[in-house]
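What follows is the residue order along each chain.
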Amino acid sequence: MQDLKQLVVNLNFINENVLKHLPVSSSVIPQFVINYTVIYFVDDKDLSIKSLSQELEWSAGGIRKHVQDLTDKGWLEIKNSKHDKRVKCIKPTKKLLTALRKLNADIGADLRSSS
């Protein structure tokens, strides 16, 4: 049972830090949008709103609202696909990548020290 308690303590710590560094307080959707955007970006794959909504199994309209909000606030940007200029793709901004690096540093140091 102690292992489950430690898991929950770690999850709480991670969630507190995510809230501190990223714009995810109102809904879980922005967190998933950010997560998938970064994964696709690092893997050098295109991520459109359509493909993201299919991946998450949520409506394209709901995803679009959150993507637009994150774009308006400077966390994401919309770029043309490298493969098909008609397709608009979601990309992380330098602001988002910097925040994720800070989050990683904050979480990583503390989780390593608690192990």
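Note: the structure precedes this text.
Residue numbering note: each chain is counted from 1, following its sequence as written. With the structure being a predicted model, the display of local features is reserved for residues of pLDDT at least 70 and the display and counting of side-chain atom pairs for 80 or more, all residues being used for whole-chain, interface and lining totals. As a rule here, side-chain values come from all non-hydrogen atoms in the structure, and water together with hydrogens is ignored.

So, helix 2 (residues 29-42)
The test is simple: Counting from the N terminus, the helices are DSSP H or I runs at least four residues long and the strands are E runs at least two residues long. In a helix, the anticipated span is given by 1.5 Å times the number of residues less one. Burial classification: accessible surface area is computed with a 1.4 Å probe over protein chains only, and a residue below 20% of its type maximum counts as buried, one above 50% as exposed, and the rest as partly exposed.
With 14 residues, helix 2 extends 20 Å from end C-alpha to end C-alpha; this agrees with the ideal 20 Å at 1.5 Å per step. Restricting attention to buried positions, one finds in helix 2 the residues Ile29, Pro30, Gln31, Val33, Ile34, Thr37, Val38 and Tyr40. Immediately beyond the C-terminal end of helix 2, within one or two residues, lies aspartate 44, with a positive phi of roughly 55°.

Re the nonpolar core
Quick note on the threshold: Among the buried residues, those of types Ala, Val, Leu, Ile, Met, Phe, Trp, Tyr and Cys that are joined through side-chain atoms within 4.5 Å form a nonpolar core. Whether two residues touch is decided by their heavy atoms; if any such pair falls within 4.5 Å, the residues are in contact.
Core analysis: the largest hydrophobic core is formed by 23 residues, its most contacted members being Leu22, Val33 and Ile63. Sorting the residues of this core by element identifies helix 1 (2-21), helix 2, helix 3 (49-56), helix 4 (60-72) and helix 5 (94-114) as the ones contributing at least two each. The biggest single contributor to this core is helix 2, with 5 residues. If we ignore the near neighbours within four places in the chain, the residues touching valine 33 are Leu52, Ile63, Val67, Leu70 and Leu76.

Describing the side chain of serine 53
Put simply, the rule reads: Under this definition, polar contacts are N or O atom pairs within 3.5 Å; protein pairs additionally need one hydrogen-donor-capable and one acceptor-capable atom, and for neighbouring residues in sequence, both atoms have to be side-chain atoms.
Note on placement: serine 53 falls in helix 3. A distance of 2.9 Å separates the side chain of serine 53 from the backbone oxygen of lysine 50, its partner in a polar contact. With residues up to four places along the chain from it excluded, the contact list for serine 53 reads Trp58, Ser59, Ala60 and Ile63.

Re the pattern of salt bridges
It is possible for side chains of opposite charge to pair when their charged atoms get near one another. Our working rule: Salt bridges, as used here, are contacts in which a Lys or Arg side-chain nitrogen is within 4 Å of a carboxyl oxygen on Asp or Glu.
By the definition in use, this model includes 5 salt bridges. A salt bridge links aspartate 44 to lysine 82, with the shortest nitrogen-to-oxygen separation between them at 2.5 Å. With aspartate 44 in the loop between helix 2 and helix 3 and lysine 82 in the loop between strand 1 (76-80) and strand 2 (88-92), the pair connects residues that are 38 residues apart, well separated along the chain. In this structure, arginine 86 engages aspartate 84 in a salt bridge whose closest nitrogen and oxygen atoms are separated by 2.8 Å. Classification of aspartate 84 as partly exposed rests on a relative accessible area of 24%.

Thoughts on the packing of helix 3 against helix 4
Condition: In this description, a line fitted to the C-alpha atoms serves as the axis of each element, helices being fitted only across the stretch in contact, and the angle between N-to-C directions of two axes falls anywhere from 0 to 180 degrees. Here is the rule for handedness: rotate from the far helix to the near one, and if that takes an anticlockwise turn smaller than a right angle the crossing is left-handed, while a clockwise turn gives right-handed. Any residue that is not Ala, Val, Leu, Ile, Met, Phe, Trp, Tyr, Cys, Pro, Asp, Glu, Lys or Arg is counted as polar, Gly included; the first ten are nonpolar and the last four charged.
Closest axis-to-axis distance for the helix 3/helix 4 pair is 9 Å, and the angle between their directions is 115°. Crossing handedness for the pair helix 3 and helix 4: right-handed. On helix 4, the residues touching Ile49, Leu52, Ser53 and Leu56 of helix 3 are Ala60, Ile63, Arg64 and Val67. Looking at the contact of helix 3 with helix 4, its residues break down into 6 nonpolar, 1 polar and 1 charged.

As for the packing of aromatic side chains
The geometry of an aromatic ring pair is captured by two quantities: the separation of the ring centres and the angle between the planes. We count it as follows: Think of it this way: a Phe, Tyr or Trp ring, Trp meaning its six-membered ring, pairs with another when their centres are within 6.5 Å, and the plane angle makes it stacked under 30 degrees, edge-to-face over 60, tilted otherwise. Lysine and arginine charges are scored as sitting over a ring when NZ or CZ, respectively, is within 6 Å of the ring centre and within 35 degrees of the ring normal.
With the rule as written, the count across this model stands at 1 aromatic pair. Arranged with centres 5.4 Å apart and planes meeting at 90°, the rings of phenylalanine 32 and tryptophan 58 form a pair that is edge-to-face. Taken as a pair, phenylalanine 32 in helix 2 and tryptophan 58 in the loop between helix 3 and helix 4 lie far apart in primary sequence, 26 residues in all. Above the ring of tyrosine 40, the side-chain terminus of lysine 45 is found at 6.0 Å from the ring centroid.

What about the side chain of serine 48?
You can see serine 48 is positioned in the loop between helix 2 and helix 3. Residue classification places serine 48 among the buried residues on the basis of a relative accessible area of 15%. Dropping the residues within four chain positions of it, serine 48 is found in contact with Val87, Lys88, Cys89 and Ile90.

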